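The lines below spell out each chain.
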Amino acid sequence: MEIDRRIFIASLGGAAAVSQMDSEARADALEHYMEEQLDSSANAQGQAKKFPTAAEIQDQIESRSYRRGVGGLFASTRGNVKRLEPMPAAPTLLDFFERRFAPANHVLQSATRALKTGMSEEVILACLLHDVVQSMMKPDHGWWGAQLVEPYVPEKTSFAIRYHQALRFYADSAAGYEYPELYHQMFGSDYVPPPYIEATYKWVRKHKWYMEPRLVTVNDLYAFDPKAVVTIDPFREIIGRHFKQPKEGLGFDNSPVAHMWRTIANPDSPL
Ligand SMILES: [Fe+2]
Ligand SMILES: [Fe+2]
């Protein structure tokens, strides 16, 4: 397939953003981009897309040496994992963004869109943090992700992070959210979310803060701006205002989630 290099680089947020990515992240991005191009050319030719069924996805389990839910820091789907930069003695959220979550392109694009469309600072912060826990754990990442930041962020922010996971499976056209085609690929064309996800959705749908997680999903899937150069810089002030950075450093403040930050900081520890 022919790739227009300029368009590809722009789709990642420009040359500056690409220079921040390691070779594995670039390879992932290229693969993702090529899949999208293939999909859109199939669409253009009016061909029906063929998505796997949920059973076919289950059948792939033993074809891998890792489980799909493992956090990105713990397994490489291509070649070996990389040596990580050590963390400072009292790491801040920004240190984690720089040394463990990088390139964090997905969450930065999401938060950038939230910022540009004038969302509340609680929602912008939620967009910035909504998927960072996937470096450690992917299943139930809404709950894990909310727990990871709960002691440090406004209640609306952790609420938005916790429940965006369930809301992703349910369209809300009025809010500008449709069921993502990507999930036909990831979960199977006939996938039905488990009962706890449906029950959570029904509960959140009636909650007075429903729009908080809903706006995370809205920014999540349309977080693509070919001209955007995404960095953490526009969010420094919002982080400063709303993220209660512990002076001992994340991982060392004896909070109920400190061990989660230490695990992300030290994924090479054998025990
Ligand atoms: Fe997510
Ligand atoms: Fe996301």
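Up top you'll find the structure we're talking about.
Residues numbered from 1 in each chain as written. Chains lettered and ligands numbered in written order. Predicted model: local features only at pLDDT ≥ 70, side-chain atom pairs only at ≥ 80, totals over all residues.

### Quick notes on unusual backbone geometry
Working note: non-glycine residues mostly have negative phi, and peptide bonds are mostly trans.
Turning to step 1, where the next piece is worked out: The linkage connecting Ala 102 with the following residue, Pro 103, adopts the cis geometry, with an omega of 5 degrees.
Turning to step 2, where the next piece is worked out: Among the secondary structure elements, Pro 103 is positioned in the loop between α5 (93-101) and α6 (105-116).
Turning to step 3, where the next piece is worked out: For Asp 140, which is not glycine, the phi torsion reads 55 degrees and is therefore positive.
Turning to step 4, where the next piece is worked out: Relative to the helices and strands, Asp 140 is located in the loop between α7 (121-129) and α8 (141-149).
Turning to step 5, where the next piece is worked out: Residue Asp 140 is classed as partly exposed on the basis of its 16 C-beta neighbours within 10 Å.
Turning to step 6, where the next piece is worked out: A positive phi is found at Asn 254, a non-glycine position, where the angle reads about 60 degrees.
Turning to step 7, where the next piece is worked out: Checked against the element boundaries, Asn 254 lands in the loop between α13 (236-242) and α14 (258-265).
Turning to step 8, where the next piece is worked out: With 8 C-beta atoms counted inside 10 Å, the residue Asn 254 sits in the exposed group. (Helix = DSSP H or I, 4+ residues; strand = E, 2+ residues; numbered from the N terminus. Buried ≥ 20, exposed ≤ 12 C-beta atoms within 10 Å, placed from the backbone.)

### Things to note about α8
Turning to step 1, where the next piece is worked out: In terms of burial, α8 is largely enclosed, as 7 of its 9 residues are buried.
Turning to step 2, where the next piece is worked out: Elements that come into contact with the buried residues of α8 comprise α7, α9 (155-167) and α14. (Contact = placed C-beta atoms within 7 Å.)

### Examining α6
Turning to step 1, where the next piece is worked out: With 12 residues, α6 should cover 16 Å at 1.5 Å per step; its first-to-last C-alpha distance of 16 Å lies within 8% of that length.
Turning to step 2, where the next piece is worked out: Among the 12 residues in α6, 9 count as buried, and that is most of the element.
Turning to step 3, where the next piece is worked out: Among all positions in α6, only Asn 105, Val 107, Leu 108, Gln 109, Ser 110, Ala 111, Thr 112, Arg 113 and Ala 114 are buried.
Turning to step 4, where the next piece is worked out: Backbone geometry just after α6 places Gly 118 at a positive phi near 70 degrees. (Expected span 1.5 Å × (residues − 1).)

### Topic: the nonpolar core
Turning to step 1, where the next piece is worked out: Ranked by internal contacts, the top residues of the largest apolar core, which has 48 residues, are Val 123 and Cys 127.
Turning to step 2, where the next piece is worked out: The dominant element in this core, judged by the number of residues it contributes, is α7, at 7 residues.
Turning to step 3, where the next piece is worked out: Sequence-distant contacts of Val 123, defined by excluding residues within four places in its chain, comprise Ala 114, Ala 160, Glu 212, Leu 215 and Val 216. (Core = buried A, V, L, I, M, F, W, Y, C linked by C-beta atoms within 7 Å.)

Geometric descriptors of this kind do not, in isolation, establish any biological role.
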